[in-house]
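Below, each chain spelled out in residue letters.
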Amino acid sequence: MPAKPRICFLINPNSGTDRRQDVPALITHCLDADDVDHEIRLTRYAGHAEQLARQAAAEGFRTVVAVGGDGTVNEVGRGLLGTTTALGIVPRGSGNGLARHLRIPLALPAAVQRVCRPTFQRIDVGHINGRAFFCTAGLGFDAHVSKCFAEAGTRGLSTYVKVALREYRHYRSTAVTVTLNGETLHTDCYVLAFANAAQYGNNAYIAPLADIRDGLLDLCLIDSLPIVRAVRVSLGLALGNLPASGAAVFHTSRHIRVQAAAPLGFHVDGDYVAAAQDFEVALTPLALEVAT
Ligand SMILES: Nc1ncnc2c1ncn2[C@@H]1O[C@H](COP(=O)(O)OP(=O)(O)OP(=O)(O)O)[C@@H](O)[C@H]1O
């Protein structure tokens, strides 16, 4: 009889807004012990999932499953880069952008069953200033909001919307020079998003045409955001028609350089990283195997 696939579940107990304590028992209940051997480990601090994922890959697990949101998925994915272990996702975050893009079920029982009988496929991986991202990265207002969101004390979509509306009142664009596809653009940056997947999460489609396997990043540039345009952008995000709305400019490229006139914050997969003035953004095609 062939050996059962080994799956390691890494749970971030801090993801999302649902604080139920019995997630390990639920996972064990939902999977079929005849089909898989599994282990469950909990993250103890931010950054721990990357370390645990790398260790699980070294132990020979076929799949390491991020049980959490896009931040946890990012950490686990980073830990698996360069290994032969696949990333699985059981979505438990606030936004779940990558899970939604890959059409992974949002309900825990269905997601656990899917990861036990998966289809394996490879996805592209983006890097911004050396930091990997799998869903989106960005400069400007979205990064600023992710920084304020992390400091807000509460999570979830309603906190995110409250923080975004509060910060919108005083956030201003920064002048940037963007080099891509042999062209140089001098423009202002309110938001510059680099999309590997189509959405930020919560079905907010920043780049609805983004294909996670096409070897290209979709860039979405919003140079300023007066109120009328803010309404059009919000509708475009919700309806998935931002490119047709004319409220943002889109490009595709595999390698982008951005130089900003003043320090600009950036995020990867919704988690704020730092401020910088020079950005190198690049895509490595099909660099990570994912269980979907
Ligand atoms: N045990 C832990 N204690 C505190 N923070 C943790 C722990 N484990 C992981 N983290 C951090 O929690 C952050 C948020 O988690 P995650 O992104 O999974 O949830 P979310 O923000 O609710 O979901 P989403 O990103 O989909 O909106 C991650 O960036 C991760 O670094």
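Residues numbered from 1 in each chain as written. Predicted model: local features only at pLDDT ≥ 70, side-chain atom pairs only at ≥ 80, totals over all residues.

### A short note on helix H2 (residues 48-58)
For step 1, the next point in the chain: Of the positions making up H2, those classed as buried are Ala49, Glu50, Ala53, Ala56 and Ala57. Projected down its long axis, H2 shows its buried positions confined to an angular sector of 130°, all on one face.
For step 2, the next point in the chain: Looking at the packing, one finds that the buried side of H2 touches strand S1 (6-11), strand S3 (63-68) and helix H3 (70-80).
For step 3, the next point in the chain: Looking at the residues trailing H2, positive phi occurs at Gly60, about 90°. (Buried ≥ 20, exposed ≤ 12 C-beta atoms within 10 Å, placed from the backbone. Helix = DSSP H or I, 4+ residues; strand = E, 2+ residues; numbered from the N terminus. Arc of directions from axis to C-beta. Contact = placed C-beta atoms within 7 Å.)

### Quick notes on the site of the ligand
For step 1, the next point in the chain: Surveying the vicinity of the ligand reveals 26 residues, the closest of which are Ala46, Gly68, Gly69, Gly71 and Gly93.
For step 2, the next point in the chain: Of all the secondary structure elements, the ones that give two or more residues to the shell around the ligand are H2 and H3.
For step 3, the next point in the chain: In terms of residue count, H3 provides more of the shell around the ligand than any other element does, four residues in total.
For step 4, the next point in the chain: Shared between two domains, the shell around the ligand holds at least three residues of each, these being domain 1 (6-118) and domain 2 (131-285). (Near = placed C-beta within 6 Å. Domains from an automatic or database assignment.)

### Some details on the UniProt feature "domain: DAGKc" (unreviewed entry) in the protein chain
For step 1, the next point in the chain: The UniProt record annotates "domain: DAGKc" (unreviewed entry) at residues 2-132.
For step 2, the next point in the chain: End-to-end, the C-alpha atoms of residues 2-132 are 35 Å apart, and along that stretch the chain is 34% helix and 27% strand. (UniProt positions renumbered as here; feature names shortened; annotations may be inferred.)

### Structural notes on the domain arrangement of the protein chain
For step 1, the next point in the chain: Segmentation of the protein chain into domains returns domain 1 (6-118) and domain 2 (131-285).
For step 2, the next point in the chain: Look at where the C-alpha atoms of domain 1 and domain 2 centre, and you get two points 26 Å apart.
For step 3, the next point in the chain: Facing 16 residues of domain 1, the contacting portion of domain 2 comprises 20 residues.
For step 4, the next point in the chain: Breaking the side of domain 1 that touches domain 2 down by element, the ones donating at least two residues are H3 and helix H4 (97-101).
For step 5, the next point in the chain: Considering every element that reaches the side of domain 1 that touches domain 2, the biggest residue donor is H3, with six residues.
For step 6, the next point in the chain: Classifying every residue of the side of domain 1 that touches domain 2 by side-chain character gives three nonpolar, 10 polar and three charged. (Nonpolar A, V, L, I, M, F, W, Y, C, P; charged D, E, K, R; others polar.)

### Focus: the confidence of the model for the protein chain
The predicted coordinates ought not to be read in detail in places where the model reports low pLDDT.
For step 1, the next point in the chain: Taken residue by residue, the protein chain gives an average pLDDT of 95. The fraction at 70 or more is 100%.
For step 2, the next point in the chain: Here the predicted complex carries an ipTM of 0.93, next to a pTM of 0.94. (pLDDT = per-residue confidence, 0-100.)

### Quick notes on the nonpolar core
For step 1, the next point in the chain: The biggest cluster of nonpolar side chains holds 85 residues, and the ones touching the most others in it are Leu10, Val64, Val65, Leu87, Ala195 and Cys220.
For step 2, the next point in the chain: If you count residues domain by domain, this core takes at least three from each of domain 1 (6-118) and domain 2 (131-285).
For step 3, the next point in the chain: In contact with Leu10, not counting residues within four places along its chain, are Arg41, Thr43, Ala49, Leu52, Ala53, Val64, Val65, Ala66, Val67 and Val76. (Core = buried A, V, L, I, M, F, W, Y, C linked by C-beta atoms within 7 Å.)

### Focus: the packing of helix H1 (residues 23-30) against helix H5 (residues 108-116)
For step 1, the next point in the chain: The contact between H1 and H5 brings their axes to 9 Å, and the two run at 55°. Classified by the interaxial angle, the pair formed by H1 and H5 is oblique. Crossing angle aside, the handedness with which H1 passes H5 is right-handed. Side by side, H1 and H5 meet where Leu26, Ile27 and Cys30 of the first sit next to Leu108, Pro109, Val112 and Gln113 of the second.
For step 2, the next point in the chain: Within the contact of H1 with H5, the residues separate by chemical class into six nonpolar, one polar and no charged. (Axes fitted to C-alpha atoms, helices over the stretch in contact; angles between N-to-C directions. Parallel < 35°, antiparallel > 145°, perpendicular 65-115°, else oblique. Left-handed = near helix turned anticlockwise from the far one by under 90°.)

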